[in-house]
Amino acid sequence: MKTFLVPINSLKEKKATLLYALDFAKQVGAETIYGCILLGDPQKKEHLKEVTDYAEKLGVTLNFRFMQGNTLDYIKEFCVDFDIDLIIAPARTPKTHEKLYLDDLSGSIVRKTDMPVLLIPEDYKYKAIDTVLTAIKSGVVKMEDALKPLETTLDGLSARMTLLQVKTPSFLPEDLMFDKDLAAVTSKYYSSENATLFQGVLEYIHVVEPDMICVFRRKRGFFKKLWSDTIHDNGIRKADFESRVPLLVLKGEQ
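Per chain, residues are indexed from 1 in the order of the written sequence. Where local features are concerned, this predicted model is filtered to residues with pLDDT of at least 70; where side-chain atom pairs are given and counted, the filter is 80 or more; whole-chain, interface and lining totals use all residues. Hydrogens and water are ignored here; the side-chain numbers use all heavy atoms of the structure.

Draft legend 1. Fine view of the packing of helix H1 (residues 11-28) against helix H5 (residues 148-157). Fitted lines through C-alpha atoms serve as axes, helices being fitted only where they are in contact, and the angles separating the N-to-C directions of these axes extend from 0 to 180 degrees. Here a helix means four or more residues in a row that DSSP labels H or I, a strand means two or more in a row labelled E, and each is numbered from the N terminus. Remark: H1 packs on H5, axes separated minimally by 8 Å, with the N-to-C direction vectors making an angle of 75 degrees. Accordingly, the angle class assigned to the pair H1 and H5 is roughly perpendicular. Contacts from Phe24, Gln27 and Val28 of H1 reach H5 at Thr152, Thr153, Gly156 and Leu157. Of the residues contributing to the contact of H1 with H5, the split by class is three nonpolar, four polar and no charged. Any angle from 65 to 115 degrees is called roughly perpendicular, while one under 35 is roughly parallel, one over 145 is roughly antiparallel, and all others are oblique. Any two residues whose heavy atoms approach within 4.5 Å at even a single point are treated as in contact. In this classification, Asp, Glu, Lys and Arg are treated as charged, Ala, Val, Leu, Ile, Met, Phe, Trp, Tyr, Cys and Pro as nonpolar, and every other residue, Gly included, as polar.

Draft legend 2. Highlighting the pattern of salt bridges. Any Lys or Arg side-chain nitrogen located within 4 Å of an Asp or Glu carboxyl oxygen qualifies as a salt bridge. Across all of its chains, the model carries three salt bridges by this definition. Residues Lys15 and Glu50 are paired through a salt bridge, measuring 2.8 Å at the closest nitrogen-oxygen approach. Residue Lys15 is found in helix H1, and its partner Glu50 is found in helix H2 (residues 44-58); the two are separated by 35 residues along the sequence.

Draft legend 3. A look at the environment of Leu248. Checked against the element boundaries, Leu248 lands in strand S12 (residues 247-250). When residues no more than four places from it in sequence are discounted, the contact partners of Leu248 are Leu86, Val117, Leu118, Pro149, Leu150, Met212, Ile213, Cys214 and Val215.

Draft legend 4. Inspection of the packing of aromatic side chains at higher detail. To pair, rings of Phe, Tyr and Trp, with the six-membered ring standing in for Trp, must have centres within 6.5 Å; the planes then decide the type, stacked if under 30 degrees apart, edge-to-face if over 60, and tilted in the middle. Counting across every chain of the model gives ten aromatic pairs. Between Tyr34 and Phe78 the ring centres are 5.1 Å apart and the planes differ by 75 degrees, which places this aromatic pair in the edge-to-face class. On the criterion of sequence distance, the pair formed by Tyr34 in strand S2 (residues 32-38) and Phe78 in helix H3 (residues 71-81) is long-range, its members being 44 residues apart. For the pair Tyr34 and Phe78, a shared accessibility class is recorded, and that class is buried. For every residue, the accessible area obtained with a 1.4 Å probe (protein chains only) is divided by the maximum for its type, and the residue is called buried under 20%, exposed over 50%, and partly exposed between those limits.

Draft legend 5. Just the nonpolar core, in detail. Judged by nonpolar contacts, the single largest core of 76 residues is most densely connected at Phe4, Phe24 and Ile33. Examining the composition of this core, we find that eight residues originate from one element, H1, more than from any other. Here Phe4 is in contact with Phe24, Ala25, Val28, Ala30, Thr32, Ile33, Tyr34, Ile84, Leu86 and Ile88, once residues within four sequence places are set aside. Nonpolar core, defined: a set of buried Ala, Val, Leu, Ile, Met, Phe, Trp, Tyr and Cys residues in which side-chain atoms within 4.5 Å join the residues together.

Spatial relationships are all this shows, so hold off on functional conclusions.
Structure below.
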């Protein structure tokens, strides 16, 4: 991974996400970050110098673009035009919808793009990532290069990955077959029997105590409610999922 995109609708409120992205980029060897800010953000000039000075200190190239028009369409086109490897977005509850885990912009990126996304909790400062908990139902990875963000993170940070396989009522024998690349980066393995993948994560998060959680984007199972039962068009509810550590959502489905 060499190029990241950090789309934010207010530099003042979500500056912490951009600073985290710079630290993360430095650690995993990324070369360029594009910070996309809504054109109408009145606070952008006030905070630009702080983040640009920090980027220069780290030796990471930081370029700003100012979004206008349909924000999601702009992001999709930008990812293609600039060969973006990863989107880093804030997991911030909007003040007008306290029950939401993600605001409209981050929620729509997770739901309506096929990009890998790293979601950073509000005002979260970078700290060492030693353990990643990756939760799966099936060991089969269908999309090529889907594991690349996870592999780069583990390698760049010298982190170890614990793999949790949750056997739900729909579990099939072929789900025990593991993708060779997934097996290669697994340091520890757990399996559990739960009604949903989400319940399995809740059960093992206190066992593993991860610094990062990793899941695959799914239209069923773990993300079922995230896709279809939100109280806002694009937002994601805290009742459906909330993480106090960074959450890496890999592209594709299992």
